[in-house]
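Tertiary structure, described
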Amino acid sequence: MVRIVDSELDQEDLPSPLPMSEQEEWSDVVPIPQDDGRHPVCPIAYKDDYREMTDYFRAIMAAGEVSQRAFDLAGRVIDANAAHYTAWVYRKKLLLDLGLDISSELDWVSRISERHIKNYQLWHHRGALLELLLDPKGIADKTQDERMQIPAIRRELQFVGEVIDKDSKNFHAWSHRQFVVRLYGIWDQEMAYVETQINQDVRNNSAWNQRYFVLTANQPADVFVLTDDVADKEIAYVMDKIKLAPNNESPWSYIVGLLMRHAPNMLYERLLPSINALAAADEYALAVSSTPFFWSALVDIYEEQAKALAGAEQQQAEVMAFASEACESLATKYDPIRAKYWEYRKQTLKTASAC
Amino acid sequence: MSQASDPVKSEILLVEKHVEYVKSLDKKHDEIEYWMTEHLRVSGVYWGAVAVHLLGRGDALDRDGIIAYILSCQNDDGGFGGHVGHDSHILYTMSAVQLLVMYDALDKIEAKRVVDYVAGLQDKVTGEISGDSWGEKDTRFAYISLAILSFFDAVDTIDVGGVVSYVQKSMNYDGGFGSGPGGESHAAQVFTCLAALAIAGRLDIVDRDRLSGWLAERQLKSGGLNGRPQKLEDVCYSWWVLSSLKILGRVHWVDRSRLCGFILSAQDPDAGGIADRPGDIADVYHTCFGIAGLSLAGYSDCPLVEVDPVYCMPVAVIEKAGLRGWASRLPKEWK
């Protein structure tokens, strides 16, 4: 999934208005123009300043030059076109070969990041730098609070936080947060962060996904154990959020998915009474009972309950009838655009109850 | 309206305009986008080639020129860069190989070099696949590695179990997949994971109904599809969502008529091409995935070439390459 990234030449970081060919610093380098070959399919035509910059960059790479100016030039090429991944690779190699300061490099990435915030290479570069700067093994004996005092960690969380403040669903930024949280084991602060984000925008699915990530500490379904206490707490939390915006896919999907994976019995023992109570409360009845997510949750819950009622045929049939009615309501009334889906669900319910 | 599933008749697909648009792409040297996209030129050619092939105009582009160009992008490590002189990356290696297959020229390269390059990107301990020698991990690369190797009948040269395990760890509570373990579900990542599992013959690990429901949920009132909850619709998800549903055997769970209407409304009626959504400027990426989406949705006003949902190439090409076997490796209960 490669996307074309918006990018523009930024003049402020250019050291001199003179063309490189007239600068003393570069007089020893013979630029190498782009070889577009003889094939008419893809000739490249550059804007002049970018073309000159990349001609020199090509020459530097061809010579394998390891120098501060080569490092700076790679940075300028990146800032002009952050998706130029070859320039990133060369810059990192030079950073290591020259033994340059990693913190300063992180600061540089921060400075150019605003223009290239959806660029894959930028985020990967940051992650690699962070690992070089602070080895997680070195802080293994520290508490989470102590870890939160380490400048490198604080700076990183602040950086990602600022990006998320500007674009609360930035896929790269949330991935990077997960990387940092997992790398340094700083789970406690992350739950507080998630709550802040959900409070700011209860429809932010990225934040709900992060809640699951933190709650399960990214352990697989067969390892993580959800206690009844925690499940109750999560149900109560979700109910509060559903009240704010009943027709919001994220909390419904979160709680049903969480319980289905980690405590299926809690779906019908605790979640069902909670959502039914909400749908019966004067204040919320209309909004809750008209959202497809409520009905969809009912289908999932009843289906799970029916499984648990194997052997109790009459009760099972009753629960199946509820599930079937919910599918019917969805197909005809609350979610007709996905009628085919709900018809299928209804049909497979019948099959299951017949078994 | 809810029952409608026959593609719409009100708007038509501007076949000739789109062919001309794709052909004109290498002539726009004065436009900034042209040189800023140098690093992914190989993928750009792939998107254009798929678009014209699906429109039934596979002869529209200069075959010999494309083959020569692709060959010039191969590096000493066996991989391909996004353009001449750029470092190898698995993304562009995929596009390059797909183009050579589409133009029946895979024999122009040495299979072993490409296979060794791809196999070398797998972490021997975790089974994860990197995008380049630099180590970025992503479920996109899991798919691409298996796809490339399948063209050379060399899937067994990597640890397929390791790749499958990485994909499985990236499965979420909503049934979808993210870019890695813990990552939010995203329709494009869902496609890459399903296609990877299809090639590996391991779709049995998918929660078919839950994931299909989540994918169907991506359709908005406009008829268009989004990639995640609460995001805007975008023509490219016509491909990512529908190809996923096609692999799952559930394309009919979205309203295809309304989806076709949305894609057609994003066409540029003057210059050709398709944009991300109505009113925006067309580009080759959305043109490719809009047309591929129409093909999957069964748009019937003009004959579109059938597209393979795992490889995003014409079915006939994939058949000729002997790679339609994924369809026979679906879990028994799906058939």
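Keep in mind the model is a prediction, meaning the values are calculated, not measured. (Residues numbered from 1 in each chain as written. Chains lettered and ligands numbered in written order. Predicted model: local features only at pLDDT ≥ 70, side-chain atom pairs only at ≥ 80, totals over all residues.)

1. Considerations on the overall build of chain A
Threshold: Only DSSP runs of H or I reaching four residues or more are called helices, and only runs of E reaching two or more are called strands; each is numbered from the N terminus. Remark: C-beta atoms are placed from the backbone, and a residue is labelled buried if 20 or more other C-beta atoms sit within 10 Å of its own, exposed if 12 or fewer do, or partly exposed between those counts. Residues are defined as contacting one another if the C-beta atoms placed from their backbone atoms lie within 7 Å.
Helix and strand counts for chain A stand at 17 helices and zero strands. Of all 355 residues assigned to chain A, the portion counted as buried reaches 40%. Contacts spanning at least 24 positions in sequence make up 61% of the contacts within chain A whose residues lie at least 6 apart.

2. Comments concerning the overall build of chain B
What counts, and what does not: Put simply, the radius of gyration uses C-alpha atoms, and a globule should come to 2.2 Å times the residue count raised to 0.38.
A count of helices and strands for chain B gives 14 helices and two strands. Computed over its C-alpha atoms, the radius of gyration of chain B comes to 19 Å, within 12% of the 20 Å expected for a compact globule of 335 residues. For chain B, the spread of C-alpha atoms along the three principal axes comes to 50 × 50 × 35 Å. Expressed as a percentage of its 335 residues, the buried residues of chain B come to 61%. In chain B, the share of contacts with a sequence separation of at least 24, taken over all contacts with a separation of at least 6, comes to 69%.

3. Brief notes about unusual backbone geometry
All names here are of chain B. Although it is not a glycine, Asp 104 adopts a positive phi angle of roughly 50°. Residue placement: Asp 104 occurs in the loop between helix H5 (90–102) and helix H6 (111–119). A positive phi is found at Gln 230, a non-glycine position, where the angle reads about 70°. In this fold, Gln 230 is placed in the loop between helix H10 (208–216) and helix H11 (237–248). Residue Gln 230 is classed as partly exposed on the basis of its C-beta count, with 15 C-beta atoms lying within 10 Å.

4. A look at the confidence of the model for chain B
Low pLDDT means the predicted coordinates in that region are not meant to be read closely. All names here are of chain B. Stated precisely, the cut-off is as follows: By definition, pLDDT measures how confident the predictor is in each residue, and it falls between 0 and 100.
Looking at chain B, pLDDT values average 91 and 93% of them are 70 or higher. Long-range and interchain partners of residues 1–10, a stretch whose pLDDT sits below 50, account for 24 contacts in this model, where long-range means more than four residues apart. Complex prediction metrics read pTM 0.88 and ipTM 0.85.

5. A word on the nonpolar core
For the record, the criterion: Remark: nonpolar core denotes a set of buried Ala, Val, Leu, Ile, Met, Phe, Trp, Tyr and Cys residues whose joining runs through C-beta atoms within 7 Å.
Core analysis: the largest hydrophobic core is formed by 189 residues, its most contacted members being Ala 74 of chain A together with Val 50, Val 163, Ala 196, Leu 197 and Ala 292 of chain B. When residues of this core are assigned to their parent elements, the largest contribution, 12 residues, is made by helix H9 (residues 187–200) of chain B. Not counting the four nearest positions on each side in its chain, Ala 74 of chain A is found in contact with Phe 57, Ala 87, Tyr 90, Arg 91 and Leu 94 of chain A. Of all hydrophobic cores here, the second largest spans 11 residues; its members include Ile 153, Val 163, Trp 174 and Val 181 of chain A.

6. Some remarks on helix H11 (residues 228–244) of chain A
All names here are of chain A. Put simply, the rule is: Here the expected span of a helix is defined as 1.5 Å times the quantity of residues minus one. It is the directions from the helix axis to the C-beta atoms whose arc is reported.
The end-to-end C-alpha distance of H11, which contains 17 residues, comes to 25 Å, matching closely the 24 Å that a straight helix rising 1.5 Å per residue would cover. Along H11, the residues classified as buried are Ala 231, Glu 234, Ile 235, Val 238, Lys 241 and Ile 242. Down the axis of H11, the buried set is contained in an arc of 130°. They therefore lie on one face. Looking at H11, the residues exposed on the side facing more than 90 degrees away from the buried face are Asp 229, Lys 233, Ala 236, Asp 240 and Leu 244. Here the buried face of H11 lies against helix H9 (187–200), helix H12 (249–262) and helix H13 (264–280).

7. A look at the environment of Ala 200 of chain B
Residue and element names in this part refer to chain B. Its place among the elements puts Ala 200 in helix H9. Its 21 C-beta neighbours within 10 Å are what place Ala 200 among the buried residues. Between the C-alpha atoms of Ala 200 and Val 317, which are 117 residues apart in sequence, the distance is 20 Å. What Ala 200 contacts, discounting residues up to four positions off in sequence, is Leu 146, Val 160, Val 163 and Val 164.

8. Comments concerning the confidence of the model for chain A
Per-chain confidence: chain A averages 89 in pLDDT, with 89% of residues scoring 70 or above. Here residues 37–46 of chain A is a poorly scored stretch, pLDDT under 50, and it has 31 contacts once near neighbours within four places are set aside; other chains count.

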